[in-house]
Amino acid sequence: MIGTGPFMLKQYLQNEKTVVVRNPHYWRPGYPKADSITFIPIPDNATRNVRLQGGQLDLMHQSGGLDIDQLRHLGGTFKLLSQQPGFREEHYYFLDETRPPFNDQSARIAFASAVNRNEIDQIRNKGILEVANSISDRATPGYLSNAGYPAFNLKKAQVLVQQYKAAHGGQFNVELGTTTDPEASAEMQLVKEQVGKAGINATIDQFDQATLINKALSHSIDLLSWRNLHGGYSDHQDVDTHPWFSNGPADIINFGGFSDPTTQSLLDQGQQTSDLAKVKSIYQQFNRAMAQQVYILPMWFETWTIAYAPNVTLTFPPLPDGHGKDLFVAGRIPVGGLSKR
């Protein structure tokens, strides 16, 4: 947008396509490789796979476990690039702590104990995606292999649910908020069935993405199915943790709405510390505190995968200072390195 990128806008048709062409004044010699790129929005995962196989697409992104599994079983038909552990995004549930039932820690523990994350991962992802027990991936300083989130324990969940119901008029109702995507719907159906066995009455409400975000901002749903927290590239985690979990007046994207002096103090310390050893200790403490309070429920790390035709070349240009190269993070690639023969 400031005129220094590898491509220039040629055509934009909302919800149809965006066409960009080579910027002849691009500052990096030898780039971009392609003369033009046409971006086509295809919301449905299965349709993307079909159109790639049919030759209507040269390259596409996927993150769903079932779709990635299908691509892997196509053999050498297409080239695949999968994001490696380190800075993977995390799929997790925000629990709204501003109102019942999740303003009660025991209710959050009961819900988390009733969700069999491994079973959902096997059914919805064929176990391809790694179940998460930490707030960020392993290359970030706050990573812990197990921060202490409640493990699946149906009997414990049933006891806690009965205790909660006894103190709240016999009710434990939860609204599960998600998008209209079929995969998201299927995932929430599994969650509903699992927590139902513990005695939790769950309903599924689906919204378009914009409406879902507004519902979360106004704290009018109990659970938000979400993904981010890739940890960024730096030694800090501020880019992900502070805006999403801070209690400040400007931090409106703390969808859980919790206000915790312990986690807030750790976030503030993390921002103010430059010593890497201290940064690591601070964010690990933060990770444990989030797990103890169950402000979110981690599900799995996303393994973004790019599938592309054999005649497409995907290269990662060196960084401007000559040290290293761009990374494949959260589904993002440097499009300046794309070419097709």
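Residues numbered from 1 in each chain as written. Predicted model: local features only at pLDDT ≥ 70, side-chain atom pairs only at ≥ 80, totals over all residues. Heavy atoms only, no water.

## Remarks on the sheet that holds strand β5 (residues 79–82)
Part 1 of the argument: As summarised here, the arrangement of the 3 strands in space is β4-β11-β5, forming an open sheet in which the pairing is antiparallel. Each edge of the open sheet carries a strand with a single partner, namely β4 (59–62) and β5. Recorded for the sheet is a direction-independent mean angle of 20° between the axes of neighbouring strands.
Part 2 of the argument: In this structure, β4 lies alongside strand β11 (residues 305–308), joined through 4 bridges in antiparallel fashion. When the sheet's bridge partners are listed, His-61 is paired in β11 with Ile-306.
Part 3 of the argument: Contacts between helix α1 (residues 45–53) and the sheet are confined to β4 and β11, with β4 contributing the most and set at about 155° to the helix. (Pairing = 2+ DSSP bridges. Helix = DSSP H or I, 4+ residues; strand = E, 2+ residues; numbered from the N terminus. Axes fitted to C-alpha atoms, helices over the stretch in contact; angles between N-to-C directions. Contact = heavy atoms within 4.5 Å.)

## Some words on the pairing of strand β9 (residues 223–228)
Part 1 of the argument: For β9, a buried count of 5 out of 6 residues is recorded, marking the element as mostly surrounded by other parts of the structure.
Part 2 of the argument: Looking at chain direction, strand β6 (residues 90–95) and β9 are connected through 6 bridges and run antiparallel. For Tyr-93, the partnering residue across the bridge sits in β9 and is Ser-225.
Part 3 of the argument: In terms of strand pairing, strand β7 (residues 173–179) meets β9 through 2 bridges, oriented parallel. If you follow Leu-176 over to β9, its bridge partner there is Leu-223. (Buried < 20%, exposed > 50% of the residue type's maximum accessible area, 1.4 Å probe, protein only.)

## Things to note about the pattern of salt bridges
Part 1 of the argument: One pass over the structure, following the stated rule, counts 10 salt bridges.
Part 2 of the argument: Linked through salt bridges whose partners overlap, the residues forming this network are Arg-88, Glu-130, Asp-137 and Arg-138. (Salt bridge = Lys/Arg side-chain N within 4 Å of Asp/Glu carboxyl O.)

## Description of the packing of aromatic side chains
Part 1 of the argument: A full pass over the atoms with the stated rule returns 12 aromatic pairs.
Part 2 of the argument: Ring geometry for Phe-102 and Phe-111: centres 5.4 Å apart, planes at 75°, overall edge-to-face.
Part 3 of the argument: For Phe-111, a relative accessible area of 0% gives the class buried.
Part 4 of the argument: Aromatic pair Phe-245 and Phe-286: ring centres 6.2 Å apart, planes at 40°, arrangement tilted. With Phe-245 in helix α8 (residues 238–245) and Phe-286 in helix α10 (residues 276–293), the pair connects residues that are 41 residues apart, well separated along the chain.
Part 5 of the argument: Overall, Phe-286 belongs to the buried group, its relative accessible area being 0%.
Part 6 of the argument: Site record: aromatic cluster; members linked through ring pairs are Tyr-92, Phe-94, Trp-226, Trp-244, Phe-245, Phe-255, Phe-258, Phe-286 and Tyr-295. (Phe/Tyr/Trp six-rings, centres within 6.5 Å; stacked < 30°, edge-to-face > 60°.)

## A few points about helix α2 (residues 65–72)
Since there are 3.6 residues in each turn of an α-helix, residues three or four apart along the chain are aligned in direction.
Part 1 of the argument: Turning to α2, its buried residues number three or more, namely Gly-65, Asp-67, Ile-68, Asp-69 and Leu-71.
Part 2 of the argument: Of the surrounding elements, those touching the buried residues of α2 are α1, β4, β5, α4 (117–125), α6 (182–197) and β11.

## Points about the pairing of β7
Part 1 of the argument: Where burial is concerned, most of β7 is hidden: 6 out of the 7 residues are buried.
Part 2 of the argument: Here β7 runs beside strand β8 (residues 201–207); their pairing, made up of 7 bridges, is parallel. Across the sheet, residue Thr-178 finds its bridge partner in β8, namely Gln-206.
Part 3 of the argument: For the crossover that starts at β7, traverses α6 and ends in the parallel β8, the hand is right-handed. (Right-handed = clockwise from strand over helix to strand, strands pointing away.)

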